[in-house]
Amino acid sequence: MDTAMMFPILPGKRDALITFANALLGERKDEYNAAQTTVTKESWHLQSTPFGDFCIVYFEAPDPMAVHTGLAESQDPFEVWFRAQVLDVSGIDISTPPAAVPDRIFVWSR
């Protein structure tokens with residue numbers, strides 16, 4: 001199942017978000033790969049708007065809510081670091097899982 005979430009990027013934190021993403025692609029890639037036990041695909045998109053920057057996160061996993069819950073509750077040092085990065089760039093504390101994943105209201109494919 002796929003899902004997407006949008007996170008606001010705090011003023012002045014755009015470069016920190018890019019540094020965070022680059023760390024996941026570089027020096028922390030092995031840790032990120034190991035942490036992704038059920039996610040099969042993930043992409044992040046930086047969207048600039050008149051209301052500020054947002055990061056749109058899209059991922060595919062059999063149970064997206066379990067992904068959120070696992071990340072929120074994990075005490076693994078990498079996942080603790082990951083949560084701290086999200087808090088730093090967005091102001092959102094993901095140590096509490098959301099009540100639900102977003103509702104998909106439209107999908108199209110050829």
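Located above this text is the structure these notes cover.
In what follows, the accompanying structure is described. (Residues numbered from 1 in each chain as written. Predicted model: local features only at pLDDT ≥ 70, side-chain atom pairs only at ≥ 80, totals over all residues. Heavy atoms only, no water.)

**Digging into the pattern of salt bridges**
Where charged atoms of side chains with opposite charge meet at close range, the side chains can pair. Defined as follows: By salt bridge we mean one thing: a side-chain nitrogen of Lys or Arg within 4 Å of a carboxyl oxygen of Asp or Glu. We count a stretch as a helix when DSSP gives it H or I for four or more residues in a row; a strand needs E for two or more, and each element gets its number in order from the N terminus. The classification of residues rests on relative accessible area computed with a 1.4 Å probe and restricted to protein chains. Under 20% of the type maximum is buried, over 50% is exposed, and intermediate values are partly exposed.
Scanning the model with the defined rule gives 4 salt bridges in all. A salt bridge links Asp 2 to Arg 104; the nearest nitrogen and oxygen atoms lie 2.5 Å apart. Of this pair, Asp 2 sits in strand β1 (residues 2-8) while Arg 104 is found in the segment after α4 (77-90), placing the two residues 102 residues apart along the sequence. Asp 2 gets classed as partly exposed once you look at its relative accessible area, which sits at 24%. For Arg 104, a relative accessible area of 47% gives the class partly exposed.

**Comments concerning the packing of helix α3 (residues 64-73) against α4**
Definition in use: Lines are fitted to the C-alpha atoms to define the axes, a helix being fitted only along its stretch in contact, and any angle between axes, read from their N-to-C directions, falls within 0 to 180 degrees. Orientation categories follow fixed angle ranges, with anything under 35 degrees roughly parallel, anything over 145 roughly antiparallel, 65 to 115 roughly perpendicular, and all other angles oblique. For this analysis, residues touch if any pair of their heavy atoms sits within 4.5 Å. Amino acids are sorted into nonpolar (Ala, Val, Leu, Ile, Met, Phe, Trp, Tyr, Cys and Pro), charged (Asp, Glu, Lys and Arg) and polar (every other residue, Gly among them).
It is the contact of α3 with α4, at a shortest axis distance of 8 Å, that shows an interaxial angle of 100 degrees. The angle between α3 and α4 falls in the class roughly perpendicular. Residue-level inspection shows Gly 70, Leu 71, Ala 72 and Glu 73 of α3 in contact with α4, the latter providing Glu 79, Phe 82 and Arg 83. Of the residues assigned to the contact of α3 with α4, the class counts are 3 nonpolar, 1 polar and 3 charged.

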